[in-house]
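Chain residues, written in single-letter form:
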Amino acid sequence: MSTEFANTAQQRWRSDVFLSFRGKDTRRTFTSHLYYSLKENGVNVFMDDTELLRGEDISSELTEAIRSSRLSVIVFSGSYASSRCCLQELVEILECRNSIGQIVLPVFYDIDPSDVRRQSGSFEKAFMEHESKAASDEEKEVVARWRAALTEAGKLSGWDMTNLANGKEAKIVRDIACRIWNELKNTLLDVAIYPVGLNPRLDLISERLHLGSRGVLFVGISGIGGIGKTTLAKAVYNQLFRNFEAASFTANAREISCKQPNGLVLLQEQLLRDITKQRKIKLDNIYRGINVIKERLCSRRVLIVLDDLSDTEQLRALAREREWFGSGSRIIITTRDLDLLKEIKVDYEYMLEKLNDTESLQLLSWHAFRNPHPKEEYVDLSKTIIEYCQGLPLALEVLGSLLLDRSVEEWRSAFAKLKRAPPARIQSQLKLSFDALSDDNEKDLFLDIACFFVGHDKDYVIKILNGCSLSAEIGLSILINRCLVKINRGNQLEMHDLIRDTGREIVCKESPRNPGNRSRLWSQSDVLTTLQNHLGTHQVEGLKLDSPDLCEVHICTEAFAKMCQLRLLQLNNVHVHGDYGLLSKELRWLQWRGFPLNFIPDGFSMGNLVAIDMQSSKLRATWKDTKICCHSSFLHKIHLFKRGDTCVIVFFSIFQLVGNLKVLNLSGSPFLTKTPDFSNIPSLEQLILADCSELKSVDQSIGHLERLVKMNLQNCRKLRCLPSSICMVKSLQTLDISGCSSIDRLSDDLGDLYSLSVLCADRTAITQLPTSMVSLKKLAVLSFSGCKASTSGSVSSLIWSCISEREVPKRGNQLTTTLSGLISLTKLSLRDCNLSDDAIPAQFGSLRSLISLDLSRNDFSRLPAAISCLPKLLSINMERCAKLEFIPDMPPSLSTLNANNCISLERISLSTCRNTQILGLVNCSKLVEIFGLDQWKAGGSIRFDGCKNLSTKFKEFLMKNWEGGRFVIPGNNIPEWFQYKSVIPSISFQLPPCNDCKLKLITLGIVYTPNTGPTLDVECPLFTLTDKASKLNLTDYLGRVFPNFPLPSEDHTFMFHLTPSDIMGGSGHRYTKVQLDLDCDSRWTIKAIGVHLQISVCPRCQLSHMGNSVVGSSSLITTHEMLRCDHLDATAAISDVGAGPLDCPFKESLEHKRMRYELP
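Residues numbered from 1 in each chain as written. Predicted model: local features only at pLDDT ≥ 70, side-chain atom pairs only at ≥ 80, totals over all residues. Heavy atoms only, no water.

## With respect to the overall build of the protein
A count of helical and extended segments in the protein gives 32 helices and 46 strands. Looking at the protein as a whole, 54% of its 1160 residues qualify as buried. A separation threshold of at least 6 residues defines the contact pool for the protein, and within that pool the share at least 24 residues apart is 61%. When the accessible surface of the protein is summed, it comes to about 50,200 Å², and 48% of that surface belongs to carbon and sulfur atoms. (Helix = DSSP H or I, 4+ residues; strand = E, 2+ residues; numbered from the N terminus. Buried < 20%, exposed > 50% of the residue type's maximum accessible area, 1.4 Å probe, protein only. Contact = heavy atoms within 4.5 Å. Areas by Shrake-Rupley, 256 points an atom, 1.4 Å probe, with all protein chains shown as cover.)

Structure below.
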């Protein structure tokens, strides 16, 4: 490979132990005895008089020997401090202890530890001599470092030869050798060949472990198979195990406990061996093991990693209670089952995130090309593969290794095969989660989702699968907790493509050769083969045929005749001919978009259907007119009863055979003119008829629906009114008539809908609402955007009738009556309603629950002061209110304020908006005054572009007090406090020289200007940001600056943050130098760029920083201030850093360079 990952946790050790001692005191006695005792036990020991080659530089060899040893033993003796070489060794040993976690064991041979700590006794005399010889300040600083090192080493736990074993040297040598042997047994675990993306995640979970706290903490790492849980757990173990009295990493708990006899007992024995260091531990049974663990571990501070737990029995056998472990212990559990973490009530649960695209491309490239970047001809194919893998490290590693040294044609062939079925190694890992599901219901639920319902609404799917008797609520919860399914923010079911394909492969293996014998069919080729050849059998429970719009597929109903167990049927844009009575009577879900018939055929049995989705159909009416039907396939029941002397026989018609239907979606059916008779669909919960352009009426029978919760009639432009009976539907929660431009009024009894929580009437002709609306105590969302009445007075009446139960004032009167009624209203939209000043009630503050308010594109010039009394308001939108002149105080809760393009706005008060995160004032060209600026905490996204009258004082204040996020402001100056500046679109800067100091944040400033004059069609620039050192494209982290706005022609400054992981490619490895190149399209010119580094300083740098009297005592100092730190070599300038006048003139020490990963 071209470059290897250099990881201090995985470096190659040249020796196990480094011995530091004063030769004339102990070389021929104690040190010699310890050396040979270790050698005899197979420990590789470095001792200077036996390992150094004659003629070599002792100093450089010793330094290298210390750094390449796992452990150091320091033998302090009477004349140890008199040796400059010994003291230099000590400083280097402690440097390795602090930087790479090297174990240091001190032995106090004929000297009291307090003499070492205080430099008293013989050490005092030695230091008097050292100090007398230190003529220069630099030499005095060296002596000071020696003193600090002795003080630190004297506090370490070790062996005091004057107090231990009564001088029995042989016993102490044996004890030390035993301790060293046990320490070396705790070797570092192999983590990953290419640990891309590991360090940021490692830092995050390490912070959550709170090593300084004394309690016992349980931490869970969860995620799907192959996401990297074990890799992360091993990295955490490597980083932390030396901070505990004892540590254990129990790997493969699932496999051992499930596949080996007495597997749980074996795991208990392994745990006890690791912690107690006893080789022979034998347990009779699990219960005895539990007691032994409690007895042996209750007083020990331990680190235990339980990897891949799969059930609660494993947890109960190994770590059931916190009381089992000593104070300060940390128990880390990796699992795919979130329920298991709930069982133990973990203190912190970390759901491991997938790799981002940049990290994915790096990991794939390392495995496929042995390089962090793909070859040019493979770039597009690589991106296709990482899109499919969706950040799953296991898949990227397997595919990268599979494609190593393969041609482009082989890559294409491999990807085509991958889309049919994942590689066996990936499948085997992912299938473990499926196999762990406890019953067939859960497995059927998983397979149904994998084959048909990814991307569907969760609640919709639950209704359908409950209709299949699959107990969908609890089953879906289990799948989510097993990391097999996710719910996104849109309430849609998500499943990783590889998990989905693994599920589908499970189905394929039911009958590899004959698809008609499988339980589910989704592949178009398999479905067509099965249907066209009539190969379907009773095994088929679900079938999906999604034909393209322009490709008509014709199928005969006889093809379905044998599929008597068919539950789920999706036939989009498909023509089916023949007797619809041959379709399965077990159907629960029918999705038939583009249904080609004018009516649903009489013979189609729908008695068990839960959901019908016939969007974009050619239906003119749902069913033909009601009629008595005696066809045997329709006949559901016959009732015989007497009325007087007459025997009455009642046949239930076709309408009465849809009694289980909960969802009816006929959206986008352009020929539908009327709704069905709802009296025979009593279970209907959702009626969706959006975009039915010819729909003219809704049947009065809708009032019979006692379970209807949602009614969507968006954009039914010919619908003139709603039936009065709709007010009888007490269960209705959502009513959407937006875009029904012919509706001009609502029923006077609308207030009877006491369950109504959402009412959307955007772009309707409504000018007056019923006074009963104030009775809607549960109404949370009310929207009348685009309802433009002919006069301001009528608009005022409309609004007032919405939110007040009192009399509507006459036109021109001020509205002073207290608002009341809508006590639950959280969102109100009156966008683009021609609102003037007299249309906005002065008592807006009574809407105490309001969270979001949209008043954009209106004609008012002021807002009522009472708006500041809305205690829960988070967002207000006043965009393009061209007459607005002043924005008063807003509620302290406000997070988002949008006043973009308010061209008359002159003043705004921010005195109460201390936590506003999004502030938009784009093109408010008259804005001159902002009150309360001194109390405002600037942060988030801030837009002042086009605000050309802002004072220089304000701009300086904003830049000085900005606390994060990103902002744009007129001007062309990079702040003076930036450390690096450049007048070209490229800048180089140096990372902190000390490996222990943490880079917290990188702030970038960009000055840019459009190359054209003021125009309405100029978009904000799309910057492309590239790190030349790591060859990473950082555009994903930067993104588009902000949404498009017309911009003026003057210069603007854009400032934003990058995190360290953004420029480290997720690997966490540091580069010696970073060069950022910025580019944007030809319509823009970049005039300047600046960089500022925020650094969290390690204690040693902080101490040196304070000792050198640098102003301030904060733990965040600049790179320049770090140059003064004593333990860094800052004497020479770096000649190739072209960052302008603020270049950082330090030279990195050899030890720090070795700790970095530097690309060639």
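## Side note on the layout of surface pockets
When its volume is computed, the second largest pocket comes out at roughly 1,100 Å³. Taken together, 45 residues make up the lining of the second largest pocket; nearest its centre are Gly226, Gly228, Thr230, Thr231 and Gln429. Of all elements in the fold, only helix H10 (198-208), helix H11 (229-240), helix H12 (253-259), strand E8 (302-309), helix H17 (357-369), helix H19 (393-402) and helix H21 (424-435) reach the threshold of two or more residues within the lining of the second largest pocket. Here the lining of the second largest pocket gets five residues from one element, more than from any other, and that element is H11. Summarising the domain contributions, the lining of the second largest pocket has at least three residues from each of domain 2 (189-353) and domain 3 (355-420). (1 Å grid on protein atoms, 1.4 Å probe; cavity = no way out; pocket = protein on both sides within 12 Å on 5 of 7 lines; lining within 4 Å. Points joined across faces, edges and corners; volume = space filled by probe spheres on them. Domains from an automatic or database assignment.)

## What about the pattern of salt bridges?
In total, this model carries 34 salt bridges according to the counting rule given. With its nearest N and O atoms 3.1 Å apart, the salt bridge here joins Arg201 to Glu359. One end of the pair, Arg201, is in helix H10; the other, Glu359, is in helix H17, and 158 residues separate them in sequence. Relative accessible area serves as the criterion here: at 12%, Arg201 is assigned to the buried category. With a shortest N-O distance of 3.9 Å, Lys458 and Asp459 are connected by a salt bridge. Residue class for Lys458 comes out partly exposed when judged on its relative accessible area of 22%. Connected via shared salt-bridge partners are Asp444, Asp448, Arg520, Glu541 and Arg567. (Salt bridge = Lys/Arg side-chain N within 4 Å of Asp/Glu carboxyl O.)

## Here we look at the nonpolar core
Of all hydrophobic cores here, the largest spans 126 residues; its most connected members are Leu713 and Phe944. Both of domain 5 (515-613) and domain 6 (972-1097) provide at least three residues apiece to this core. Leave out the neighbours within four places in its chain, and Phe944 touches Leu919, Leu921, Leu927, Ile930, Leu950, Phe954, Leu958, Val968, Ile969 and Pro970. If you look at the next biggest cluster of nonpolar residues, it comprises 90 residues, including Leu396, Val398, Leu399 and Ala450. (Core = buried A, V, L, I, M, F, W, Y, C linked by side-chain atoms within 4.5 Å.)

## Looking at the environment of Arg330
Along the chain, Arg330 turns up in strand E9 (residues 330-335). Arg330 sits in the buried class, given a relative accessible area of 0%. Between the C-alpha atom of Arg330 and that of Arg301, which follows or precedes it by 29 residues, the distance is 8.0 Å. Look past the residues within four positions of Arg330 in its chain and what remains in contact with it is Leu209, His210, Leu211, Ser213, Gly215, Val216, Leu217, Phe244, Val302, Leu303 and Ile304. Within the local environment of Arg330, its side chain forms a polar contact with the backbone oxygen of His210, the two atoms lying 2.5 Å apart. Within the structure, the side chain of Arg330 is placed 2.7 Å from the side chain of Ser213, a separation counted as a polar contact. (Polar contact = N/O pair within 3.5 Å; in protein donor to acceptor, adjacent residues only side chain to side chain.)

## Observations regarding the packing of helix H23 (residues 458-467) against helix H24 (residues 472-481)
The geometry of H23 relative to H24 is characterised by a closest axis approach of 9 Å and an angle of 125 degrees between their N-to-C directions. Judged on the interaxial angle alone, H24 and H23 are oblique. Residues Lys458, Ile462, Leu465 and Asn466 of H23 form the contact with H24, whose own contacting residues are Ala472, Glu473 and Leu476. By residue class, the composition of the contact of H23 with H24 is four nonpolar, one polar and two charged. (Axes fitted to C-alpha atoms, helices over the stretch in contact; angles between N-to-C directions. Parallel < 35°, antiparallel > 145°, perpendicular 65-115°, else oblique. Nonpolar A, V, L, I, M, F, W, Y, C, P; charged D, E, K, R; others polar.)

## Let's talk about the sheet that holds strand E31 (residues 886-887)
Each strand in a sheet pairs with its neighbour through backbone hydrogen bonds, running either in the same direction (parallel) or in the opposite one (antiparallel). Taken together, three strands build an open sheet; the order of strands is E31-E33-E35 and the sheet is parallel. Two strands close off the open sheet at either side, each with one partner strand: E31 and strand E35 (929-931). The pairing of strand E33 (residues 907-909) with E35 spans three bridges and is parallel. For Ile908, the partnering residue across the bridge sits in E35 and is Ile930. (Pairing = 2+ DSSP bridges.)

## Examining helix H2 (residues 30-40)
Within the span of H2, buried status applies to Phe30, Thr31, Ser32, Leu34, Tyr35, Ser37 and Leu38. Backbone geometry just downstream of H2 places Gly42 in the positive-phi region, at approximately 80 degrees.

## Digging into the pairing of strand E39 (residues 986-990)
Counting buried positions along E39 gives five out of five residues, so the element sits mostly inside the fold. Every second residue of E39 is oriented toward a common face, with Ser986, Ser988 and Gln990 on one face and Ile987 and Phe989 on the other, all of them buried. Bridge count for E39 against strand E44 (residues 1073-1079) is five bridges, and the pairing is antiparallel. Within E44, the position partnered with Ile987 by the bridge is Leu1076.

## Topic: the environment of Leu590
With respect to the secondary-structure elements, Leu590 resides in strand E18 (residues 589-591). Distance in space between the C-alpha atoms of Leu590 and Leu568 is 6.5 Å, their sequence separation being 22 residues.

## Considering the sheet that holds strand E7 (residues 246-250)
Across the sheet, which stays open at both edges, the five strands sit in the order E7-E8-E9-E6-E10 with parallel pairing between neighbours. In this open sheet, the two edge strands, each paired with only one partner strand, are E7 and strand E10 (348-351). Each strand axis lies, on average, 15 degrees off the axis of its neighbour in the sheet, ignoring direction. Here E7 runs beside E8; their pairing, made up of five bridges, is parallel. Paired with Phe249 across the strands is Val305, a residue of E8. On the sheet, helix H13 (residues 263-276) packs against E7 and E8 and is oriented at approximately 150 degrees with respect to E7.

## Considering helix H26 (residues 524-532)
Taken together, the buried positions of H26 are occupied by Val527, Leu528, Thr530 and Leu531. Along H26, the residues classed as buried sweep out an arc of 165 degrees about the axis, all on the same side. Buried residues along H26 sit against strand E13 (520-521), strand E14 (542-546) and strand E15 (553-556). Count one or two residues on from H26 and you reach His534, which has phi positive near 55 degrees. (Arc of directions from axis to C-beta.)

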